[in-house]
Amino acid sequence: MRKGFWNIEKMVGLTALIVSLLTLIVFVYQTNLLRKQQYMSVYPHLSLMNEKSGTLHYSFSLSNYGVGPAFIESVKISASNDMVYDDIIHYVEKTMGKQDSINYAHSNLWVGRLIPANEKINLIQLIDDTMIKDWGVVSSENMAKNTLNSANKLYQILNDNEMDIEIIYSSVYGEKWSIGNHSNVPKKIE
């Protein structure tokens, strides 16, 4: 009697091989899903914005609306005159000149600065009476009061179409994004 090619042992072996391959495919798929979930669980999302425009409480801020911290990789502010600034305050001071008396507070961005999730940094903020009281300044008579004109002037300087801001930042896993003042949608850098 002639034996057939497909006997029970070969069929069991082939079935075991197919099940093993399917298990490997599912394992690789699940690993990729877990990796994506892990990366998304620390996704930072920075956004530049004007707050309280046209008021004496105007500020230009950077916020992290993501779920993970953002590490600043680079900051570049450029103007139409081909000048490049490493911080927004240098651009404002150069553009505004010394004749204007706008009182503002500012925060710097630097390479390596960490911006935690749900954190807001006022890059430039007009100083008002409430801030003077909160900071414990005894007398503000010598300090010129900000006006709506000064608030609008600061707004115009920070929202000039000739100025470009580019901030490159990364997540804890090293993924990099770029945002700017003309588009607040982060662009992933490959």
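Just above, that's the structure.
This write-up is about the structure you can find in this document. (Residues numbered from 1 in each chain as written. Predicted model: local features only at pLDDT ≥ 70, side-chain atom pairs only at ≥ 80, totals over all residues. Heavy atoms only, no water.)

1. Concerning the sheet that holds strand β1 (residues 46-51)
Strand order in this open sheet of 4 strands is β1-β2-β7-β5, and the pairing throughout is antiparallel. The sheet terminates laterally at β1 and β5 (104-106), the two strands that pair on one side only. Taking each pair of neighbouring strands and ignoring which way they run, the sheet shows an average axis angle of 20 degrees. As paired elements, strand β2 (residues 59-64) and strand β7 (residues 120-126) share 5 bridges and run antiparallel to each other. Note that in β7 the partner of L62 across the bridge is I121. Set on the sheet, helix α2 (residues 88-96) makes contact with β2, β5 and β7; between it and β5 the angle comes to about 150 degrees. Of the strands in this sheet, β1, β2 and β7 touch helix α4 (residues 148-158), which is tilted by about 130 degrees from β7. (Pairing = 2+ DSSP bridges. Helix = DSSP H or I, 4+ residues; strand = E, 2+ residues; numbered from the N terminus. Axes fitted to C-alpha atoms, helices over the stretch in contact; angles between N-to-C directions. Contact = heavy atoms within 4.5 Å.)

2. Remarks on the pattern of salt bridges
Scanning all chains against the criterion turns up 3 salt bridges. Two residues, E51 and K120, come together in a salt bridge whose shortest N-O distance is 3.1 Å. In this pair, E51 sits in strand β1 while K120 sits in strand β7, placing the two residues 69 residues apart along the sequence. Here K188 makes a salt bridge to E175, at a shortest N to O gap of 2.7 Å. Taken together, the residues K188 in strand β10 (residues 187-189) and E175 in the loop between β8 (164-170) and β9 (176-180) connect sequence positions 13 residues apart. (Salt bridge = Lys/Arg side-chain N within 4 Å of Asp/Glu carboxyl O.)

That is the geometry; function is a separate question.
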